[in-house]
Amino acid sequence: MGMKVLVTGGCGYIGSHTSVALLQAGFAVVLFDNLSNSTSAVLGPIARLGGPKVTLVQGDVRQPDDLAQVFADHRFDAVIHFAGLKAVSESVQVPLNYYEHNVSGTLQLLRAMDVAGVRRLVFSSSATVYAEDAACPLNESAALDATNPYGRSKLMCEQLLCDVQAADPRWQVAVLRYFNPVGAHPSGEMGELPIGVPQNLMPMITQATKGLRPHLSIFGDDYPTPDGTAVRDYIHVQDLAAGHVAALAYMAHQDKGLTVNLGTGRGVSVKEMIDTFERVNAVQVPYRWAARRAGDVAVRFADVGLAQQLMGWRAQLSLDEMCRDAWRWQTTGAGAP
Ligand code: NAD
Ligand code: UD1
C-alpha cells in the first residue's frame with residue numbers, strides 16, 4: 001500500500017509480530033520504543049521475516065520531545081499504539097507508573113499526532129475492560145468496568161479516544177480489545193519475553209515444562225465449567241497481528257473508526273490447554289492444583305462477529321498451533337533462557 005506506520009512499543013511481544021505483518025502487507029514501519037520491556041535485537045528477526053523497510057527510534061511516549069522528533073523526521077499515515085505497561089498485579093503495587101505510561105503516554109501521543117496532522121490510530125485495549133459479571137460471549141456493547149489500575153488505565157484511554165473522535169471528526173481510531181494473546185512466530189525467531197516469574201498461563205506452562213519453574217499451579221478446580229478449571233479465549237499472536245493490518249485497511253476504506261474484540265470466540269479451559277500442550281508437543285507439563293487466584297473470573301470469551309462483519313477478519317490458527325509455536329519459541333528461539 002506504500003504507507004508508513006509508527007508502531008509505539010513495536011519491539012514488544014505483540015508489536016514485533018504486528019510489525020512483521022505490516023511489512024509483509026507493504027507498509028514501511030518505524031518502531032518507537034523505550035526498550036523497557038524488550039530489546040533492540042528483535043529488529044533483526046523483524047527485518048528478516050518482514051522485509052527491510054523498518055527502522056527503530058528509541059524514545060518514550062511520555063516525552064513530548066521524543067514524539068515531536070519522530071513526527072518531524074517522518075511523514076506517517078497512521079499510528080499503532082502498543083507502548084505501555086501490562087502486568088495487573090504490578091499495577092496494584094505501583095498505580096502511578098501505570099497511569100503515567102498508559103494514560104499520560106497516550107495523551108502525549110495524541111497531542112503529537114494532532115500537531116503533525118496524523119489522526120488515524122489503532123489502540124491496544126484489552127478484554128479486561130469488560131465488567132466481571134458481563135455475560136459471555138462478550139460483545140462490544142457489554143457493560144464496561146475495571147477492577148485494577150491496569151484495567152482502569154485502558155478504560156480511561158478508551159474514553160479519552162472516544163471524546164477526541166467526538167470533538168473532531170478528522171480522528172479515526174480503531175480500539176482493539178484483545179482477549180488472551182499466546183503463541184509465537186512459527187519461525188521460532190520471535191515470541192514473548194516475560195521478565196521474572198510469568199503471571200500468564202502460557203509462559204508459565206512453557207517455563208515449567210522446560211524445567212525453569214518447579215511446576216505450574218492450576219488456579220482453581222471448582223469453577224462452574226465442565227472440568228472445573230477457568231475458561232478463556234486464547235488467540236494466536238499471529239492472528240492478532242493480522243487484526244491490526246485489517247483495522248488499518250478498514251480505516252483506509254471507511255471514514256470512521258471502530259471498537260472490536262480480537263479473540264477466537266472459543267472458550268478453552270486451563271486443563272484443556274495443558275492437555276493440548278502435552279499432546280501437540282509430546283511433553284509432560286508438571287502441574288499442581290492450587291486455590292483460585294484472587295480477581296479471576298470463571299469464564300470469559302469473545303463474540304467475534306463484529307470484527308468479522310466490519311473488517312472481514314477472523315482468527316485462523318488453532319489451539320494446537322498456539323501450543324506448538326509457544327513451545328518452539330521456548331525451546332529453540334531467543335525465548336530459551
Ligand atoms: P510488551 O511489554 O511486550 O510490549 C510493550 C512495549 O512497549 C515494550 O517493547 C516496551 O519496551 C515498550 N514501552 C513500555 N513503556 C513505554 C513507553 N513509555 N514509551 C515507549 N515504549 C514503551 O507488551 P505486549 O504484550 O506486546 O502488549 C502490547 C500492548 O497490548 C500493551 O498496551 C498491552 O497493555 C496490550 N495488551 C496486551 C495483552 C497481553 O496479554 N499481552 C492483552 C491485552 C492488551
Ligand atoms: C490476565 C489479566 C488480564 C489481562 C490478561 C492478559 C488478571 C486477573 N487478569 O487475564 O487483565 O488482560 O491476563 O493476557 O490477572 N492460570 C493458572 N496458573 C497460572 C497462570 C494462570 O491456572 O500460573 C489460569 C488463570 O487462573 C486463568 C487462566 O489461567 O484462569 C489464564 O490466566 P492469564 O494468562 O493470567 O490470563 P487472564 O487471567 O485471563
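Each value, and the rule that gives it
- Residues numbered from 1 in each chain as written.
- Chains lettered and ligands numbered in written order.
- Predicted model: local features only at pLDDT ≥ 70, side-chain atom pairs only at ≥ 80, totals over all residues.
- Heavy atoms only, no water.
- Helix = DSSP H or I, 4+ residues; strand = E, 2+ residues; numbered from the N terminus.
- Buried < 20%, exposed > 50% of the residue type's maximum accessible area, 1.4 Å probe, protein only.
- Axes fitted to C-alpha atoms, helices over the stretch in contact; angles between N-to-C directions.
- Parallel < 35°, antiparallel > 145°, perpendicular 65-115°, else oblique.
- Left-handed = near helix turned anticlockwise from the far one by under 90°.
- Contact = heavy atoms within 4.5 Å.
- Nonpolar A, V, L, I, M, F, W, Y, C, P; charged D, E, K, R; others polar.
- Near = heavy atom within 4 Å.
- Polar contact = N/O pair within 3.5 Å; in protein donor to acceptor, adjacent residues only side chain to side chain.
- Areas by Shrake-Rupley, 256 points an atom, 1.4 Å probe, with all protein chains shown as cover.
- Core = buried A, V, L, I, M, F, W, Y, C linked by side-chain atoms within 4.5 Å.

Colleague: Explanation requested: unusual backbone geometry in the structure shown.
Modeller: Glycine aside, negative phi is the norm for most residues, and most peptide bonds take the trans geometry. Between Cys136 and the following residue, Pro137, the backbone shows a cis peptide bond with an omega angle of -5 degrees. Within the secondary structure, Pro137 is located in the loop between β5 (120-126) and α6 (149-167). Phi is positive for Leu35, which is not a glycine, with a value near 60 degrees. The backbone of Ala282 sits at a positive phi, close to 50 degrees, despite the residue not being glycine. Mapping Ala282 onto the fold places it in the loop between α9 (270-281) and β13 (287-290). The exposure class of Ala282 is exposed, given its relative accessible area of 71%.

Colleague: Where do I start with the packing of helix α7 (residues 201-210) against helix α11 (residues 319-332) in this structure?
Modeller: Angle between the axes and distance between the axes: these two values describe a pair of packed helices. Between α7 and α11, the least distance of the axes is 10 Å, while the angle of their chain directions is 50 degrees. As summarised for this structure, α7 and α11 are arranged oblique, according to the angle between their axes. Viewed along their axes, α7 and α11 form a crossing whose handedness is right-handed. Residues Met202, Thr206, Gln207, Thr209 and Lys210 of α7 touch α11, and the partners they reach there are Met322, Cys323, Ala326, Trp327, Gln330 and Thr331. Among the residues making up the contact of α7 with α11, the classes are represented as 5 nonpolar, 5 polar and 1 charged.

Colleague: What is the right way to read the site of ligand 1 from this model?
Modeller: Lining the immediate surroundings of ligand 1 are 27 residues, of which Asp33, Asn37, Ser38, Lys86 and Tyr150 lie closest. Contact between ligand 1 and Tyr13: an oxygen atom at 2.8 Å from a main-chain N or O atom of the residue. Lys86 has a polar side-chain atom sitting 2.7 Å from an oxygen atom of ligand 1. The fraction of the free accessible surface of ligand 1 (830 Å²) that becomes covered by protein chains is 95%. Contributing elements (two or more residues each) for the shell around ligand 1: α1 (13-24), β5 and α6. If one sorts the elements of the shell around ligand 1 by residue count, β5 sits on top with 3 residues. For the shell around ligand 1, the residue count by class is 10 nonpolar, 12 polar and 5 charged.

Colleague: Could you clarify how one ought to interpret the nonpolar core in this entry?
Modeller: Grouped burial of nonpolar side chains is what soluble globular proteins tend to show. Within the largest apolar cluster, 42 residues are counted, with the highest numbers of intra-cluster contacts made by Leu22, Leu176, Leu248, Leu262 and Met311. Ranked by residues supplied to this core, first place goes to helix α8 (residues 237-253) with 9 residues. Those residues in contact with Leu262, other than ones at most four positions away along the chain, are Leu176, Arg177, Tyr178, Phe179, Ile235, Leu240, Gly243, His244, Ala307, Met311 and Trp313. By size, the runner-up hydrophobic cluster in this structure holds 23 residues, among which are Phe32, Phe71, Val79 and Ala112.

Spatial relationships are all this shows, so hold off on functional conclusions.
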